Amino acid sequence: MEASPVENLDTFDKRPLLKILKKYAKKKGILIPLLQETQKIYGYLPRLALVQISEATNTDISQVYGVATFYAQFRLAPVGKHLIRVCHGTACHVSGATRITEVCEEEFDIKDGETSKDLKFTLESVACLGCCSLAPVMTVDDNTYGRLTDREVRKVVEKLKK
Ligand code: FES
């Protein structure tokens, strides 16, 4: 795995992680809650945190990565200040979700699933957001936008970039 742009040995503050590791010391079956708490602190699972967890719990690093990559709740890269989710559920798919994602990729200059270098935007495809009658739909943080067209998407992006 590539190191995230914000993670290196100098900037990774492992003190909060050490506290968690102390709390879970010698407990069994703690890998998932440990990863959940780690993600709560850092917003994602830093590579160095996974190494630390592997050592502290005596768990093979491949097993730690296995769990971290298996569950959709875990992130291995930092999330941008704004999280843009484009729905690719059936209703949105047939209503042009692919094009919505393409417009977002162009506007933010990132690919689906990526975070911009300045850590401002993360773009991701998700399954049904539960408002199919508004298809195609996307959310930006806590706001939902429906019946989107290219033009609408560009307007939303323009506002966000201000
Ligand atoms: S399929 Fe997109 S909101 Fe349901």
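Since the model is a prediction, treat every value here as computed from it, not as a measurement.

**With respect to the overall build of the chain**
For step 1, the next point in the chain: The number of helices and strands found in the chain is seven helices and four strands.
For step 2, the next point in the chain: The order of α-helices and β-strands along the chain, N terminus first, is α-α-α-α-β-α-α-β-β-β-α.
For step 3, the next point in the chain: In terms of overall dimensions, the chain has a C-alpha envelope of 55 × 30 × 25 Å along the principal axes.
For step 4, the next point in the chain: The long-range share in the chain, meaning contacts at least 24 apart out of those at least 6 apart in sequence, stands at 61%.

**Remarks on the nonpolar core**
For step 1, the next point in the chain: The biggest cluster of nonpolar side chains holds 17 residues, and the ones touching the most others in it are Ile84, Val86, Cys87, Ile100, Cys104, Val137 and Met138.
For step 2, the next point in the chain: Elements that contribute at least two residues to this core include exactly β1 (82-87), α6 (97-108) and β2 (121-126).
For step 3, the next point in the chain: Ranked by the residues each element gives to this core, the list is headed by α6, at five residues.

**Re the confidence of the model for the chain**
For step 1, the next point in the chain: For the chain, per-residue confidence averages 90 on the pLDDT scale, and 93% of positions sit at 70 or higher.
For step 2, the next point in the chain: Mean pLDDT values over the elements of the chain span from 90, in helix α1 (residues 15-24), up to 98, in helix α5 (residues 90-94).
For step 3, the next point in the chain: Here residues 1-6 is modelled with pLDDT under 50, and outside its nearest four sequence neighbours on either side it reaches 11 contacts, counting other chains as well.

**What to know about the domain arrangement of the chain**
For step 1, the next point in the chain: Partitioning the chain into domains gives domain 1 (15-70) and domain 2 (82-161).
For step 2, the next point in the chain: Distance between the C-alpha centres of domain 1 and domain 2: 31 Å.

**A short note on the sheet that holds β2**
For step 1, the next point in the chain: Overall, mixed pairing links the four strands, which are arranged β2-β1-β3-β4 in an open sheet. Each edge of the open sheet is held by one strand with a lone partner, namely β2 and β4 (143-145). Adjacent strand axes in the sheet meet at a mean angle of 20 degrees, parallel and antiparallel pairs treated alike.
For step 2, the next point in the chain: As defined by bridge partners, strand β3 (residues 138-140) adjoins β4 across three bridges and the pair is classed as antiparallel.

Thresholds applied
Residues numbered from 1 in each chain as written. Predicted model: local features only at pLDDT ≥ 70, side-chain atom pairs only at ≥ 80, totals over all residues. Helix = DSSP H or I, 4+ residues; strand = E, 2+ residues; numbered from the N terminus. Contact = placed C-beta atoms within 7 Å. Core = buried A, V, L, I, M, F, W, Y, C linked by C-beta atoms within 7 Å. Buried ≥ 20, exposed ≤ 12 C-beta atoms within 10 Å, placed from the backbone. pLDDT = per-residue confidence, 0-100. Domains from an automatic or database assignment. Pairing = 2+ DSSP bridges. Axes fitted to C-alpha atoms, helices over the stretch in contact; angles between N-to-C directions.

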